[in-house]
Number of protein chains: 2
Amino acid sequence: VIRQAAASFEDHMAAAQIIPVILSGGSGTRLWPLSRPEKPKQLHALTGTSTMLQMTAARVTDPQLFAPPIVVASGRHVAEIEAQLEEIGSRPALSILEPVGRNTAAAIALAALEAPASALLLVMPSDHVIGLPDRFLAAVRAAMPAAREGHLLTFGIAPERPETGYGYIKRGAALAEGVFAVDRFVEKPDALTAARYLAEGGFDWNGGIFLFEAGTLLAGLEAHAPDILEQVRRSLGAAMREPARVMPDPDSFGAVRSQSIDHALMEVHDRVAVVPVQMGWSDVGSWDALHEIGTKDDAGNFASGDALAIDTRSCLLHTDGPLLVTVGVHDLIVVASGDAVLVMPRGDSQRVKEAVERLAATRASAPGTL
Amino acid sequence: VIRQAAASFEDHMAAAQIIPVILSGGSGTRLWPLSRPEKPKQLHALTGTSTMLQMTAARVTDPQLFAPPIVVASGRHVAEIEAQLEEIGSRPALSILEPVGRNTAAAIALAALEAPASALLLVMPSDHVIGLPDRFLAAVRAAMPAAREGHLLTFGIAPERPETGYGYIKRGAALAEGVFAVDRFVEKPDALTAARYLAEGGFDWNGGIFLFEAGTLLAGLEAHAPDILEQVRRSLGAAMREPARVMPDPDSFGAVRSQSIDHALMEVHDRVAVVPVQMGWSDVGSWDALHEIGTKDDAGNFASGDALAIDTRSCLLHTDGPLLVTVGVHDLIVVASGDAVLVMPRGDSQRVKEAVERLAATRASAPGTL
């Protein structure tokens, strides 16, 4: 059954060498009220006119390098995802519709089982910004030989600040020009440790973008997380299939152990390599992060939608509906989206979770709010 | 023609002594985006569950003292006004539908010409708050004898601060218990002058609430503003009439000179008296004023509508639609109303006019925005 689907990639693989795997499983609330379970961050245009999903797909369209992508997404978003990709002329080779989210080990296993074992898979979250895509592509090219030699490749982001929200990767010995063995992975450090890493050097942020052969990945899971691989395989064996769509069996897939690919494999595999790259990366993990990467006016405001900022400095203003007017304020985040308006100080936007938690606790039955 | 309508009041007048005249002509933008030309301030519930119009009408329902009111309003609001009054069981004896606004001298002349000449008229703006209505009624009772003797009575608000936005009234000799001749009216003073008035004492704010006999008012206008009276009379002569509704002729009424009753009559009449009263009065002339009079929570927030204030202090939060969430902010005004959201610092809310002017200049064709 599995090889059946994989066979359909063979034509593309003749010309292209890499199958992009776009992961669109997240439904983060850190950009509430814009990002909601029914339309998460990656399906919105945050930094311009294209959605983050569209920008992700648009980075990997060079037919000399890439085959059409595999998209692994929540089943509820698949129509929107395919419509957005259609808008930019991208047609996934395969959409894998997860009945529930089971973290990245399971999502990547789905794609690897559907792809030819010899295919190089470039796994990318759909909600990251890469400001310098040429550097990203150069890093991908640099990573290919090591991936062909059986390494699991990750891309290391040069840290810009002692961030405690990401994992870190310590570089080991050089394997090739720009490619290093991974000395070790480090869980999200405390502030002091993060500052020490920055001072010490040789550490990169783990951005969650990977390159490997499908076969390498599957052999790795077989060795280190066989239960996950077996259960994912079972869910595909009982899958519903349409042209260019696979729906894993909900019961089997729901029983998959939920674990990140980092924990399940990257941190324990013996052939992991890192390609450090400065590519203007951001995971846009907060409204503050969006203000930081957004194109600001002379007064330091990043505004999107119908906003009128009078005597307003250093604010993030986002509206997808009402006219948003500010007068005489500074360093605020003001977001009007859907049925909600959020106002909070800039620099403190992780506190959005307090609002989301309070709303979840008190309005469990209010559809659309969360 | 005029006495025709007046005759219908005679039954009520047997029992009641005063006809309330409710002026609902304003369409202020100082409470934008809530207050708009199509639904101005007085038609909204700002401080509780009743609208300001409803609270105004509810103050004058004692049948021992009051007849049903005359309402002078913009023609475009009459359906909403009558519906709101119906809700509280108030049925105007007469609605006078102004085809255009021509300021208070014309509006009051309309009412005075439709009322019996011997009737006492209590003229009230529809958009003022009176926190202590019993004191208001006591002041009205105190004013009645002087009004019956041919005085124009105004009610003086004890000044709480050196406000430069109101006119002031200097008390003269006492005419009776709590009733004083007016020494002089003072135009809106500068800050220094206003402070001097407060220190000196004997000055009250001119709140724009009046009591007089219809005949006294008409004789006064005949003497001091005969052109206004004549033109208003003409507009009523050619009026369209329905049961309990009068629509002055638009051409004639449009030609009335636009002047306030203060300028046209009160400041130049020789028998003007003032009844000072401390009655928790506010004209709710700004979002700051609303925050001041509103019932605040322990953190000093005045919230109305679906608002969630987390770690929020001393804010005004008003929403008539979206859920409004604030986290970690203080001293802000946040208003979500209709198709707009406004954010500004508390204490500075007169700056709303900058927004309104900018929008008027740039979006003349955008219906609903202004």
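A brief structural summary. Remember, predicted model here, so these are calculated numbers, not experimental data.

Examining the overall build of chain A
- Summing up its helical and strand segments, chain A has 13 helices and 19 strands in all.
- A globule of 370 residues ought to have a C-alpha radius of gyration of about 21 Å, and chain A, at 21 Å, matches this closely.
- Over its C-alpha atoms, taken along the principal directions, chain A stretches across nearly 60 × 50 × 40 Å.
- Sequence separation of at least 24 residues holds for 70% of the intrachain contacts in chain A that already meet a minimum separation of 6.
- For chain A, the accessible surface area stands at approximately 14,700 Å², while carbon and sulfur atoms represent 51% of it.
- Between the mean site of the 31 positive side-chain charges and the mean site of the 44 negative ones, chain A shows a separation of 2 Å.

Side note on the packing of aromatic side chains
- Enumeration over the complete set of coordinates arrives at 12 aromatic pairs over all chains.
- Ring geometry for Tyr 166 of chain A against Trp 281 of chain A: centres 5.3 Å apart, planes inclined by 70°, an arrangement best described as edge-to-face. Here Tyr 166 of chain A, found in the loop between β6 (152-157) and β7 (168-176), pairs with Trp 281 of chain A, found in strand β13 (residues 281-282); they are 115 residues apart in sequence, far enough to count as distant. Taken individually, Tyr 166 of chain A and Trp 281 of chain A each receive the classification buried, so the pair is uniform in this respect.
- When the ring of Tyr 168 of chain B is compared with that of Tyr 197 of chain B, the centres are 5.3 Å apart and the planes differ by 55°; the resulting orientation is tilted. Taken together, the positions of Tyr 168 of chain B in strand β7 (residues 168-176) and Tyr 197 of chain B in helix α7 (residues 191-200) put the pair 29 residues apart, joining distant regions of the chain.
- Each member of the aromatic cluster is reached from another via a ring pair, and the members are Tyr 166, Trp 205 and Trp 281 of chain A.
- Just above the ring of Phe 180 of chain A sits the side chain of Arg 171 of chain A; from NZ or CZ to the centre is 5.5 Å.

What about the pairing of strand β3 (residues 94-98) of chain A?
All names here are of chain A.
- Of all five residues making up β3, five are buried, and the element is well covered by its neighbours.
- The alternating pattern of β3 places Leu 94, Ile 96 and Glu 98 on one face and Ser 95 and Leu 97 on the opposite face, and all of these are buried.
- Sheet analysis places strand β2 (residues 70-74) next to β3, joined by five bridges and oriented parallel. Bridged to Ser 74 within β3 is Glu 98.
- Note: β3 against strand β11 (residues 245-247), two bridges, orientation parallel. Following the sheet pairing, Ile 96 is matched in β11 by Val 246.

Side note on the pattern of salt bridges
- A complete count under the given rule lists 45 salt bridges over all chains for this structure.
- Across the salt bridge formed by Glu 160 of chain B and Arg 161 of chain B, the nearest N and O atoms sit 3.9 Å from each other.
- Note on Arg 161 of chain B: relative accessible area 28%, which makes it partly exposed.
- Several salt bridges converge on common partners, so that one network encompasses Asp 311 of chain A together with Asp 348, Arg 351 and Glu 354 of chain B.

A word on the sheet that holds strand β15 (residues 307-310) of chain A
- The six strands are arranged β15(A)-β17(A)-β19(B)-β18(B)-β16(B)-β14(B) in an open sheet whose pairing can be described as mixed. Edge strands, defined here as strands with exactly one partner in the open sheet, are β15 of chain A together with β14 (302-304) of chain B. Averaged over neighbouring strand pairs, the angle between their axes works out to 5° when direction is ignored.
- Note that strand β17 (residues 323-327) of chain A and strand β19 (residues 340-345) of chain B share four bridges and pair parallel. The residue bridging Leu 324 of chain A from the neighbouring strand is Val 341 of chain B, located in β19 of chain B.
- Its contacts with the sheet put helix α13 (residues 352-362) of chain B on β15 and β17 of chain A together with β19 of chain B, and the angle it makes with β15 of chain A is roughly 130°.

As for the relation of the copies chain A and chain B
- Between chain A and chain B, the superposition needs a rotation of 180° and an axial shift of 0.0 Å, giving an RMSD of 0.1 Å. The symmetry that links the two subunits is that of a two-fold axis.
- Here 100% of the contact residues of chain A are again contact residues in chain B; the copies associate through an equivalent surface.

Thoughts on the sheet that holds strand β18 (residues 332-337) of chain A
- The six strands lie next to each other as β14(A)-β16(A)-β18(A)-β19(A)-β17(B)-β15(B), forming an open sheet whose pairing is mixed. At either end of the open sheet lies a strand with only one pairing partner, and these are β14 (302-304) of chain A together with β15 (307-310) of chain B. Strand-to-strand twist across the sheet, computed as the mean angle between neighbouring axes with direction ignored, equals 5°.
- Of the pairings in the sheet, the one linking strand β16 (residues 316-319) of chain A to β18 of chain A comprises four bridges and is parallel in character.

Digging into the environment of Asp 249 of chain B
Residue and element names in this part refer to chain B.
- Tracing the chain through its elements places Asp 249 in the loop between β11 (245-247) and α10 (250-254).
- Measuring from C-alpha to C-alpha, the distance between Asp 249 and Ile 130 comes to 34 Å, with 119 residues separating the pair along the chain.
- Setting aside its immediate chain neighbours within four residues, Asp 249 contacts Ser 235, Ala 238 and Ala 239.
- A polar contact of 2.5 Å, which involves the side chain of Asp 249, links it to the side chain of Ser 252.

Things to note about the interface of chain A and chain B
- Taken together, the contact pairs 31 residues of chain A with 31 residues of chain B.
- Here chain A meets chain B over a buried area of about 2,500 Å², counting both sides, of which 64% is carbon and sulfur.
- Linking chain A with chain B are two salt bridges.
- The residue Arg 351 of chain B makes a salt bridge to Asp 311 of chain A at a minimum N-O spacing of 2.8 Å.
- At the surface where chain A touches chain B, the tally comes to 12 residue pairs in polar contact (both at pLDDT 80 or more).
- Elements that contribute at least two residues to the side of chain A that touches chain B include exactly β15, β17, β18, β19 (340-345) and α13 (352-362) of chain A.
- Ranked by residues supplied to the side of chain A that touches chain B, first place goes to β19 of chain A with six residues.
- When the residues that make up the side of chain A that touches chain B are grouped by side-chain class, the tally is 21 nonpolar, three polar and seven charged.

Here's the deal with the pairing of strand β2 (residues 70-74) of chain B
Residue and element names in this part refer to chain B.
- Within β2, five of the five residues are buried, which leaves it mostly tucked inside the rest of the structure.
- By the bridge criterion, four bridges tie strand β1 (residues 18-24) to β2 in an arrangement that is parallel. Of the residues in β2, the one forming a bridge with Ile 22 is Val 71.
- Between the parallel pair β2 and strand β3 (residues 94-98), the chain is carried across by helix α4 (residues 78-87), and the sense of this crossover is right-handed.

A few points about α13 of chain A
- The set of residues buried in α13 of chain A consists of Val 352, Ala 355, Val 356 and Leu 359 of chain A. The buried residues of α13 of chain A occupy one face: seen down the axis, they fall within an arc of 95°. For α13 of chain A, the exposed residues set more than 90 degrees away from the buried face come down to Glu 357, Ala 361 and Thr 362 of chain A.
- If you follow the buried residues of α13 of chain A, they end up packed against β19 of chain A together with β15 and β17 (323-327) of chain B.

Considerations on unusual backbone geometry
Residue and element names in this part refer to chain A.
- The step from Trp 32 to Pro 33 runs through a cis peptide bond, and the omega angle for that step is 5°.
- Positionally, Pro 33 belongs in the loop between β1 (18-24) and α3 (52-58).
- At Asn 103, a position not held by glycine, the phi torsion is positive, near 70°.
- Classification of Asn 103 as partly exposed rests on a relative accessible area of 38%.
- Positive phi values are uncommon outside glycine, yet Asp 311 reaches one of about 45°.

About the criteria used
Residues numbered from 1 in each chain as written. Chains lettered and ligands numbered in written order. Predicted model: local features only at pLDDT ≥ 70, side-chain atom pairs only at ≥ 80, totals over all residues. Heavy atoms only, no water. Helix = DSSP H or I, 4+ residues; strand = E, 2+ residues; numbered from the N terminus. Rg over C-alpha atoms; globule rule 2.2 N^0.38 Å. Contact = heavy atoms within 4.5 Å. Areas by Shrake-Rupley, 256 points an atom, 1.4 Å probe, with all protein chains shown as cover. Lys, Arg positive; Asp, Glu negative; His and termini not counted. Charge placed at Lys NZ, Arg CZ, Asp CG, Glu CD. Phe/Tyr/Trp six-rings, centres within 6.5 Å; stacked < 30°, edge-to-face > 60°. Buried < 20%, exposed > 50% of the residue type's maximum accessible area, 1.4 Å probe, protein only. Lys NZ or Arg CZ within 6 Å of the ring centre and 35° of its normal. Pairing = 2+ DSSP bridges. Salt bridge = Lys/Arg side-chain N within 4 Å of Asp/Glu carboxyl O. Axes fitted to C-alpha atoms, helices over the stretch in contact; angles between N-to-C directions. Least-squares fit on C-alpha atoms with pLDDT ≥ 70 in both. Polar contact = N/O pair within 3.5 Å; in protein donor to acceptor, adjacent residues only side chain to side chain. Buried area = accessible area lost by both parts, 1.4 Å probe. Nonpolar A, V, L, I, M, F, W, Y, C, P; charged D, E, K, R; others polar. Right-handed = clockwise from strand over helix to strand, strands pointing away. Arc of directions from axis to C-beta.

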